[in-house]
Amino acid sequence: MQSEPPIHPDAGSPASAASEAATSAPGRVVLDDVAIRRALMRIAHEVVERNDDLDRLYLVGVPNGGVPLARRLAKSLHEVADLEPVVGILDTTLYRDDVLTSGERPRLRVTEMPSAVDEQIVILVDDVCSTGRTIRAAMDALMDFGRPRAVQVVALVDRGHRELPIKIDYVGKNIPTRSEDRVKMRPGREEGLLEVALIEAAGESERGEAS
Amino acid sequence: MMGTDLLAIEDLSREDIELVLETAGHMQEVGRRDVKKVPTLRGRTIINLFFESSTRTRTSFEIAGKRLSADVVNFSPSSSSLKKSESILDTAKTLDAMDPDAVVVRHAVAGVPKRIADELAAPVINAGDGAHEHPTQALLDLLTVKERKGRIDGLTVTIIGDIAHSRVARSNIYGFTKLGAEVRVAAPPTMIPANVDCLGVKAFGSLREALDGADVVMALRIQMERLTGAYFPSVREYSGTFGLDRAKLRFAKDDVIVMHPGPVNRGVELAHDLADGRPSVILDQVRNGVAIRMAVLYLLAGRRPESEA
């Protein structure tokens, strides 16, 4: 279908060429492209196993990372059960609970919901889930588009630190982290590839030296 | 990035303008939903402070604020204590004490929004001040052109009418030139400011030459009550020479679009059949006005200057 949009274009690192990014990008790769594909294939099986009314599946990617993942999950569902779910994009920025408290307003991202969600089984797809606040915002946004029969959540990475009673239905990989660490999905070594990196916050020793 | 007020397009960088246009593009999507309301500015208050009457602009700001879930309060002189000779700044300070998160100001005198912004803690958005600027109008015009043409850079934009007294013209001249368009103005010499070339535009006394190869033609509203007799001999003569009709439009490009900030004096600035339907995009301008004002409110409402405590 469409080409995948860049992941986290405002991530701060130049990340100009995908090939460069892999060598110069910070952090440790915890999921490479093959691992991401395997995880999504397993999740596709789980989705098929847990839902009866598979014709009502409606995948919704949360930008930026959730969008290419939702497209890949749709392909996996096609391979696994010959399904062709609708794929939408839902930006949660206007629903965030911190949008006015942070200084500059975050940039808005694309929302593209190709059809109504009424009576559909909506599967929200995000790259990294932590506090649960993005999923909370996504659920509120989703309700403005209709009344889904059910809402389920896919997260490629669950790093814990939940601050809201949000449960992830399908997890690609649990990655225990400290809350100061960062986990990012980004373009991989070659074009079209994805990877997830864990960027650990400066350790105690480094901080000691700096001061 | 942008400061905390929106007073003039002249103050904005190209990046600022592009950020507003990009944000407005996403706000257009909100406007196409069944539920056209998002919770972003819930619990925030926006005051529309209109010293000069305006239905369209005020309504557009009101709808924009409400679509972002803000509480919008309209305050206009007929219902206010201005009649009791309270000064403008006292009025503004009184409103400020009610802790609004943004104040939208229109006034017949240039510079009043700036004076008010200097006094208030809340962000001030200029909704038109005298013959100075009308920044949200220019932004919505830019959005409309970008939507229709896919770009602004390299386009030829012809603005026809009372350039000297038009805040719409001034804001658009700044906006379109900053984004890389060539701007031409066409009007009787009495309506073209002497130093107009300082703004980076070319002035034409002949409409035909000004229209030659134009991608966008913007006709300005003639304030007939103010101008007849002073700046041109008669309305009839003006519309004969500078009124736009399909015959004159042939000199422009085939895919030209026709814009007007409204309300149109039909048969004066625009022929009757040009005011409705193609190639006119007047109703797109109105629609985009809501998205632009949502974008501006999203980017500014509730922000405080960082340097001052």
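Reading the values: the criteria
- Residues numbered from 1 in each chain as written.
- Chains lettered and ligands numbered in written order.
- Predicted model: local features only at pLDDT ≥ 70, side-chain atom pairs only at ≥ 80, totals over all residues.
- Heavy atoms only, no water.
- Helix = DSSP H or I, 4+ residues; strand = E, 2+ residues; numbered from the N terminus.
- Buried < 20%, exposed > 50% of the residue type's maximum accessible area, 1.4 Å probe, protein only.
- Contact = heavy atoms within 4.5 Å.
- Areas by Shrake-Rupley, 256 points an atom, 1.4 Å probe, with all protein chains shown as cover.
- Axes fitted to C-alpha atoms, helices over the stretch in contact; angles between N-to-C directions.
- Left-handed = near helix turned anticlockwise from the far one by under 90°.
- Nonpolar A, V, L, I, M, F, W, Y, C, P; charged D, E, K, R; others polar.
- Domains from an automatic or database assignment.
- Buried area = accessible area lost by both parts, 1.4 Å probe.
- Salt bridge = Lys/Arg side-chain N within 4 Å of Asp/Glu carboxyl O.
- Polar contact = N/O pair within 3.5 Å; in protein donor to acceptor, adjacent residues only side chain to side chain.
- Arc of directions from axis to C-beta.

A look at the overall build of chain A
Part 1 of the reasoning: The secondary structure content of chain A amounts to five helices and eight strands.
Part 2 of the reasoning: Counting from the amino terminus, helix and strand elements in chain A follow one another as α-β-α-β-α-β-β-α-β-β-β-β-α.
Part 3 of the reasoning: The buried share of chain A, taken over its 211 residues, is 49%.
Part 4 of the reasoning: Partitioning the intrachain contacts of chain A with sequence separation of at least 6 by distance along the chain shows that 70% fall at a separation of at least 24.
Part 5 of the reasoning: Carbon together with sulfur atoms contributes 48% to the accessible area of chain A, which is approximately 10,500 Å² in total.

Looking at the packing of helix 5 (residues 135-149) of chain B against helix 12 (residues 282-300) of chain B
All names here are of chain B.
Part 1 of the reasoning: As a packed pair, helix 5 and helix 12 sit with axes 8 Å apart at the nearest point and diverge in direction by 115°. Judged by the twist between their axes, the crossing of helix 5 over helix 12 is right-handed. On the side of helix 5, the interface is formed by T136, Q137, L139, L140, D141, L143, T144, E147 and R148, while helix 12 contributes D284, Q285, N288, G289, A291, I292, R293 and V296.
Part 2 of the reasoning: Looking at the contact of helix 5 with helix 12 residue by residue, the class counts come to six nonpolar, six polar and five charged.

Brief notes about the domain arrangement of chain B
Interfaces are frequently sized by the accessible area removed from exposure as the parts join.
Residues and elements named next belong to chain B.
Part 1 of the reasoning: Taken domain by domain, chain B holds domain 1 (9-133 + 287-300) and domain 2 (135-286).
Part 2 of the reasoning: With centres defined by C-alpha atoms, the gap from domain 1 to domain 2 works out at 25 Å.
Part 3 of the reasoning: Here domain 1 and domain 2 share an interface that buries about 2,500 Å² over both sides, 57% of which is from carbon and sulfur atoms.
Part 4 of the reasoning: Where domain 1 meets domain 2, there are three salt bridges.
Part 5 of the reasoning: When the shortest N-O distance is used, the salt bridge between R167 and E52 registers 2.9 Å.
Part 6 of the reasoning: Counting across the interface, domain 1 meets domain 2 through 22 residue pairs in polar contact (both at pLDDT 80 or more).
Part 7 of the reasoning: Looking at the side of domain 1 that touches domain 2, the elements with two or more residues in it are helix 1 (14-31), helix 2 (56-67), strand 3 (102-107), strand 4 (124-129) and helix 12.
Part 8 of the reasoning: With eight residues, helix 12 is the largest single contributor of residues to the side of domain 1 that touches domain 2.
Part 9 of the reasoning: Taken together, the residues that form the side of domain 1 that touches domain 2 break down as 13 nonpolar, eight polar and eleven charged.

Considerations on the pattern of salt bridges
Part 1 of the reasoning: For the structure shown, the criterion picks out 36 salt bridges over all chains.
Part 2 of the reasoning: In this structure, R178(A) and D181(A) form a salt bridge, with 3.4 Å as the shortest nitrogen-oxygen distance.
Part 3 of the reasoning: Classification of R178(A) by relative accessible area gives partly exposed; the value is 35%.
Part 4 of the reasoning: For D181(A), a relative accessible area of 5% gives the class buried.
Part 5 of the reasoning: Across the pair D101(B) and R44(B) runs a salt bridge, and its minimum N-O distance is 3.3 Å. With D101(B) in the loop between helix 3 (88-96) and strand 3 and R44(B) in the loop between helix 1 and strand 1 (45-50), the pair connects residues that are 57 residues apart, well separated along the chain.
Part 6 of the reasoning: D101(B) sits in the buried class, given a relative accessible area of 10%.

Details of helix 3 of chain B
Residue and element names in this part refer to chain B.
Part 1 of the reasoning: Buried residues of helix 3: T91, A92, L95 and D96, and no others. Buried residues along helix 3 cover an arc of 135° about the axis, so they all sit on one side.
Part 2 of the reasoning: Residues of helix 3 that are buried sit in contact with strand 1, strand 2 (71-75) and helix 4 (112-119).

Brief notes about the interface of chain A and chain B
Part 1 of the reasoning: The interface is formed by 16 residues belonging to chain A together with 23 residues belonging to chain B.
Part 2 of the reasoning: Together, the buried faces of chain A and chain B total about 1,800 Å²; carbon and sulfur atoms form 56% of this surface.
Part 3 of the reasoning: Contact with chain B buries surface across chain A, with L94(A), R105(A) and L108(A) losing the most and accounting together for 38% of the total.
Part 4 of the reasoning: Here chain A is connected to chain B by one salt bridge.
Part 5 of the reasoning: In this structure, E22(B) engages R107(A) in a salt bridge whose closest nitrogen and oxygen atoms are separated by 2.6 Å.
Part 6 of the reasoning: Connecting chain A to chain B are eight residue pairs in polar contact (both at pLDDT 80 or more).

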